[in-house]
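The chain contents come next:
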Amino acid sequence: MKRTLLPVIATLSMLPFATATDEKFSPEMAEFVKRFTGHGALGDKAPMPSPAVALAACIVGDGLTLDIVASEPMVRQPLNMFFDERGRMWVVQYLQYPFPAGLKILRYDEYLRAVFDKVPPPPPNHFKGADRITILESTKGDGVYDKAHDFLSDLNIARSVVTGRGGVWVLNPPYLLFYPDKNRDDVPDGPPKVVLSGFGLEDTHSGANSLAWGPDGWLYGAHGSTCTADIRGVKFLGQAIWRYNPQTDVFEVFAEGGGNTYSLDFDREGRIFSGTNGSPRGLHYPQGGAFVKNWGKHGPLMNPYSFGWFEHMAHRGETRRFSQSMAIYEGGAIPSLEGRFIASMALINRVISTALYRDTSTFRTEDGPVIVDSSNNWFRPVDTKVGPDGAVFIADWSDSRLSHLDPRDTWDKESGRIWRIRAAGTETKLESFDFAKMSGDELIARLSHPNKWHRQTALRVLWDRRDASLVPKLRAIVDAERGQLALEAFWAVNACGGFDENYALTTLKHSHPMVRYWTVRLLGDKWPAHVPGQEKAVKYERTAWSVKACKALAELARSEPDVEMRTQLASTARRLSASDALPIIRELLLRGEDAGDKYQPLLIWWALESKCKFDREAVLALLGDQALWASPIFQQTIASRLGQRFTAERTASGLDVCARLLTLAPTREDRVKLAEGMEAGLQGGDAGKIPTALREGFAALWQDAGPQNALVRLGVRLGDGAALEVAIERVRDAKTKSAERTGLIDLLAERREETAVPVLLDLLRAEKTDALQLALTNALQRFDSDEIARTFLDLAPKMAVKPRASAIAAMCSRAPWAKVLLAAVETGGVKKEQLTSANLLTIQELHDPACDALLAKHWSTLKQSSAAKDARVAQIRKLIATGKGDAELGHATFKATCAVCHTLNREGGKIGPDLTAYERDNMDFMLPAIVDPSLAIREEFTAFTVVTKDGQTLMGFLDAQTPQAITVRDLNGQKLVLSRADVKSLTASPVSLMPEGLLDAMSEQQVRDLFAYLVKK
């Protein structure tokens, strides 16, 4: 069997097969499925509990009642819910998961994403699948669903549904489909319209999800990790909030990043939140925001000049992962939950309430009481919605299996539950209603309903109608009200076509800050979004009104008291022309009180940066204002990024701008900040030909400021001989600060400054501290010199554990060096036990016959056979079952063997997955993962093999990527920045860096003790 295929296959969980006898299998894939079967994974699945048993297994929070309102066979594998204007529940039954019908995997890309043989055609000529969209009704008005009707069946990877605009919208990657149903008889009027195409299908547990109507009339959706997207030329690599305007037929990425983004909700004031697969509760998205990503796996942000990102909302409380499904409760019927996050945690069978607190212009979260906690591991809450009755509804996937790493389709396709959480002592009595049949006045009355669902649904129906006759009445409400109703009525004015330029000038002065916020937002939406790489396509039409409005926005930027409102001004400025945006940006930069805000400084930077490509003369004219340079936001966030922006561009004109910036900066300190950014922008590549003006500007600054660390680093990158001499001397000088010294060592290695090699070798021979030895071994491996290998070999026995591991890893990276190392193993100078599996795998990647022969001689059992691993799993399973372990002793074993790479209960390393939230008591999952770690590698922990043009082979994790460079992190946590120009190939490794045979060195009792600790909650 070709082991190189296995981890890739396991990671994506996308193989189009169900049994090992399927004729579609290659022999390798058939063998792979047998491996899982041999491990017994999910082989003895516990029976599905009945609804009554499942309910009895739940502990419900104080003051709450839990009901099952729908179950199989009415609903199976529910993924997504939506309540229509009649209060009926639409449910997506995700029965085709995980394998798209009609597709075949051809290969895997470098991010381990499946590449299919074709793009599936859209309905009605699609590959028929098993997914269904079903309408559930409670004919008795008690909220228990007793009637079901399929609106659509035979869909293929359908993920979300909403109604509106005369039909039904279905997210069915790669498509967003619209099924017309003007007569509302729950039967499509005809074939669907393909509204959007290009949502990726590479991983069906990820990708596009969670449609929702925004108060601005746009249709919003989330996009999870792993899957790519290319929508009308807008390309992004997973992790985003996107939107589509049915009225103007415009698609945009609203914000990007954040994790495996799943679920989407708007709070009462129109803010967007989503869940994620991280330990925090979720994300709050400002327009144009960019959030943290797994940089190695998902690549850089769409804008290569972002130079920063936002984190998840700060969180205190439950830290275990997967609070992926969320809703903000504003239903008016459960006082204890009002205004709180409802976070559903499928991995640990729990629903929890979380408070939201202001945190500058965003929020932080703090866990409160658990709402539902189940001992039933079939309870898998995957979608959360608040219904017309104010109750919380939970779509329960209902399967004891949750992991998507097992490639077999062993999912339980017959089970599914819909749960309802309500206030204890209350009964659901909903009279039948139909918002579509309500008069305009009745819809306006609903805008003050205590349940947000009623307000949102009334607004959606007003968008359907576009009834201009309601505008005067709605405007009067906006004028008269000061609270929530003013905002609801304002949105309704827009829905009815009453938002125009003159009205905007009025509402910019409204007392409610969110009315002002949304006025600015809607004004900005009249201009196209800033899409990196497509700026030339943007056309701005300036009118007398736009000039007047943008002057009003600039005045508001100067006087606006609300920080969140100011963040929207920054987001809107990014969309405007430079002539309109830069006066707004200027005023925002002068708001020193925002320097410590979690969002605003970067939002301002992104607005300013958007003008740096085609409007740089206007930007430079703005920077002639010396007052800006003194502002805290400019000092802390903007100045260095300006320098970085124009050197990272790697163009002659960009370097010319750098020279001009040095002349514009009013103080020496300002010029040094620019220099710091310029040096950062040159990381990972050559600056090219340096313009005379920049050389002269640097020389003047060097003369004025002296050889500060930032200037030494920039000078080295600019090829300045004096700076290089200073850098080498400071590396040699033991009095140099440790951080500065190691930073310069890394810089010299990245720049491949050969004159530094003798100094680095002398230091290594004399140095005793682990940190500096690590930095030196990491740096020296970038120079191809046999003397370096001999020095590593001579010094390794005297080194501490980590520096020695770094030296050995370096020797494995080049064929001549590896021969020296293996020769020492041959003669006994190096113990073969000192070479890790990662070392041996790296040597194998060199494909050197002499090295391969020595590997075969000394490590004949480097990879155990599949049969041997299967037998070992069975042996350990029996061992654990027939004896008792001591969790306290197991904790010590964990720290000694596992914690180097893995975190458990906030203790350990970050090289491998955090084990805290895993189903550690599931031996069908844990045993194969430990005995055969390459069988199923989580995609974010995939190692990459990098081959450089000078013959070095490196194996590690991709820590970061930019257009100019990649950063590789090894098992010691050491990082190497490599210019893409120096990289010959970059491929995902099919083998885990976790060693095989981890348990073999332990006694039977130590194994029992370790597992006793692992399963302890």
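Being a predicted model, the structure only gives us computed values, none of them experimental.

1. Details of the overall build of the protein chain
A count of helical and extended segments in the protein chain gives 34 helices and 36 strands. Looking at the protein chain as a whole, 61% of its 1017 residues qualify as buried. Sequence-distant contacts, at least 24 apart, represent 66% of the contacts inside the protein chain between residues at least 6 apart. For the protein chain, the accessible surface area stands at approximately 37800 Å², while carbon and sulfur atoms represent 53% of it.

2. A word on the sheet that holds strand E32 (residues 944-948)
Note: strands within a sheet are paired through backbone hydrogen bonds, in either parallel or antiparallel orientation. Reading across from one edge, E35-E34-E33-E32-E36 is the order of the five strands in this open sheet, with antiparallel pairing throughout. The sheet terminates laterally at strand E35 (975-979) and strand E36 (983-988), the two strands that pair on one side only. Adjacent strand axes in the sheet meet at a mean angle of 45°, parallel and antiparallel pairs treated alike. Pairing of strand E33 (residues 953-961) with strand E34 (residues 965-969), which is carried by four bridges, proceeds in the antiparallel orientation. The residue bridging Phe957 from the neighbouring strand is Arg969, located in E34.

3. Concerning the nonpolar core
With 198 residues, the main nonpolar core has Leu642 and Leu835 as its most contacted residues. Looking at which element gives the most residues to this core, the answer is helix H8 (residues 484-495), with eight residues. Setting aside chain neighbours within four positions, we find Leu642 in contact with Trp605, Leu608, Leu623, Phe634, Leu661 and Leu674.

4. Describing helix H28 (residues 815-827)
Across its 13 residues, H28 extends 18 Å between first and last C-alpha, which sits within 8% of the 18 Å expected from 1.5 Å per residue. Buried within H28 we find Ala815, Trp817, Ala818, Leu821, Leu822, Ala824 and Val825. Among the structural elements, helix H25 (770-780), helix H26 (786-795), helix H27 (801-811), helix H29 (837-846) and helix H30 (849-858) are those in contact with the buried residues of H28. Two residues or fewer after H28 comes Gly828, characterised by a positive phi angle close to 90°.

5. Details of the confidence of the model for the protein chain
Here the protein chain averages 89 in pLDDT, while 90% of its residues score no lower than 70. Counting contacts from residues 1-44, a segment whose pLDDT is below 50, to residues more than four positions away or on other chains yields 119 contacts.

6. Quick look at the packing of aromatic side chains
A complete count under the given rule lists 36 aromatic pairs for this structure. When the centroid spacing of 5.8 Å and the interplanar angle of 90° are considered together, the rings of Trp169 and Trp213 count as edge-to-face. Remark: Trp213 occurs in strand E13 (residues 208-213) and Trp169 occurs in strand E10 (residues 167-172); sequence separation between them is 44 residues. An identical accessibility class is assigned to Trp169 and Trp213; each is buried. Ring geometry for Phe291 and Phe310: centres 5.4 Å apart, planes at 70°, overall edge-to-face. Of the two residues, Phe291 is situated in the loop between strand E21 (283-285) and helix H4 (295-298) and Phe310 in the loop between H4 and strand E22 (314-316); the sequence distance between them amounts to 19 residues. Like Phe310, Phe291 is buried. By way of ring pairs, the aromatic residues Tyr285, Phe291, Phe310, Tyr599 and Trp606 are connected into one cluster. Above the plane of the ring of Trp817 lies Arg814, whose end atom (NZ or CZ) is 5.3 Å from the centre.

7. Overview of unusual backbone geometry
Along the chain, Tyr97 connects to Pro98 via a cis peptide bond; the corresponding omega equals 10°. Within the fold, Pro98 resides in the loop between strand E4 (89-93) and strand E5 (105-108). The amide bond that connects Pro173 to the next residue, Pro174, takes the cis arrangement and shows omega of 15°. The phi torsion at Gln77 lies on the positive side, around 45°, for a residue other than glycine. For Gln77, the location among the structural elements is in the loop between strand E2 (64-71) and strand E3 (78-83). Positive phi, normally seen in glycine, also occurs at Asp249, with a value near 60°.

8. With respect to the pairing of E13
The two faces of a sheet get side chains in turn, since along a regular strand they alternate between them. Across the six residues of E13, six count as buried, placing the element largely inside the fold. If you look at the hairpin formed by E13 and strand E14 (residues 219-223), you'll find five residues sitting between the two strands, and Gly217 has a positive phi there, around 90°.

9. Description of the packing of helix H21 (residues 709-717) against helix H22 (residues 721-732)
Close contact between H21 and H22 brings their axes to 8 Å; oriented N to C, the two are set at 120°. With respect to each other, H21 and H22 are oriented oblique. Regarding H21 and H22, the two cross each other, and that crossing is left-handed. Between H21, through Asn709, Val712, Gly715 and Val716, and H22, the contact on the second element is made entirely by Ala723, Leu724, Val726, Ala727 and Arg730. Looking at the contact of H21 with H22, its residues break down into six nonpolar, two polar and one charged.

10. Structural notes on the sheet that holds E21
Within the open sheet, the three strands sit side by side as E19-E20-E21. Their pairing is antiparallel. The outermost strands of the open sheet, each flanked by one partner alone, are strand E19 (262-266) and E21. Here the average twist between neighbouring strands, direction ignored, is 30°.

11. Some remarks on the side chain of Thr457
As for its position among the elements, Thr457 is in helix H6 (residues 452-465). Apart from the residues within four sequence positions on either side, Thr457 is in contact with Glu85 and Phe435.

12. Some points on the packing of helix H31 (residues 866-881) against helix H34 (residues 1004-1015)
Think of two packed helices as two axes; the pair is described by the angle between the axes and how far apart they sit. Put simply, H31 and H34 touch, their axes get as near as 9 Å, and they point 75° apart. Relative to H34, H31 is oriented roughly perpendicular. The segment H31 lies against H34, with Ile876, Leu879 and Ile880 engaging Glu1004, Val1007, Arg1008 and Phe1011. For the contact of H31 with H34, the class distribution of residues is five nonpolar, no polar and two charged.

13. Things to note about the pattern of salt bridges
This model, assessed by the stated rule, comprises 66 salt bridges. As a salt-bridge pair, Arg422 and Asp67 come within 2.6 Å of each other at their nearest N and O atoms. With Arg422 in strand E29 (residues 417-423) and Asp67 in strand E2, this pair connects stretches of sequence that are 355 residues apart. Of the two residues examined, Arg422 and Asp67, each falls in the buried class. Among the ionic pairs, Glu269 bridges to Arg271, the shortest N-O distance being 2.6 Å. Assessed through its relative accessible area of 14%, Glu269 is described here as buried. Given the relative accessible area of 8%, Arg271 is considered buried. Within this structure, Asp84, Arg86, Arg88, Glu137, Lys147 and Asp186 form a network of salt bridges that share partners.

14. A look at the environment of Val144
Mapping Val144 onto the fold places it in the loop between strand E7 (131-137) and strand E8 (147-155). For the pair Val144 and Ile68, spaced 76 residues apart in sequence, the C-alpha to C-alpha distance is 7.8 Å.

15. Concerning the side chain of Gln952
With respect to the element layout, Gln952 can be found in the loop between E32 and E33. Classification of Gln952 by relative accessible area gives buried; the value is 0%. Not counting chain neighbours up to four residues away, the residues in contact with Gln952 comprise Gln781, Arg782, Ser813, Arg814, Val946 and Val947.

16. Considering the pairing of strand E17 (residues 240-245)
When you tally the buried positions in E17, you get six out of six residues, the bulk of the element. Here E17 shows a buried face lined by Ala240, Trp242 and Tyr244 and a second buried face lined by Ile241, Arg243 and Asn245. The pairing of E14 with E17 spans five bridges and is classified as antiparallel. Opposite Leu219, over in E17, you have Tyr244 as the bridge partner. In this sheet, strand E18 (residues 250-256) lies alongside E17 in antiparallel orientation, the contact comprising six bridges. Bridge pairing in E18 links Arg243 to Glu252. Between E17 and E18, which follow one another and run antiparallel, lie four residues, and Asp249 among them has a positive phi close to 60°.

What counts, and at which threshold
- Residues numbered from 1 in each chain as written.
- Predicted model: local features only at pLDDT ≥ 70, side-chain atom pairs only at ≥ 80, totals over all residues.
- Heavy atoms only, no water.
- Helix = DSSP H or I, 4+ residues; strand = E, 2+ residues; numbered from the N terminus.
- Buried < 20%, exposed > 50% of the residue type's maximum accessible area, 1.4 Å probe, protein only.
- Contact = heavy atoms within 4.5 Å.
- Areas by Shrake-Rupley, 256 points an atom, 1.4 Å probe, with all protein chains shown as cover.
- Pairing = 2+ DSSP bridges.
- Axes fitted to C-alpha atoms, helices over the stretch in contact; angles between N-to-C directions.
- Core = buried A, V, L, I, M, F, W, Y, C linked by side-chain atoms within 4.5 Å.
- Expected span 1.5 Å × (residues − 1).
- pLDDT = per-residue confidence, 0-100.
- Phe/Tyr/Trp six-rings, centres within 6.5 Å; stacked < 30°, edge-to-face > 60°.
- Lys NZ or Arg CZ within 6 Å of the ring centre and 35° of its normal.
- Parallel < 35°, antiparallel > 145°, perpendicular 65-115°, else oblique.
- Left-handed = near helix turned anticlockwise from the far one by under 90°.
- Nonpolar A, V, L, I, M, F, W, Y, C, P; charged D, E, K, R; others polar.
- Salt bridge = Lys/Arg side-chain N within 4 Å of Asp/Glu carboxyl O.

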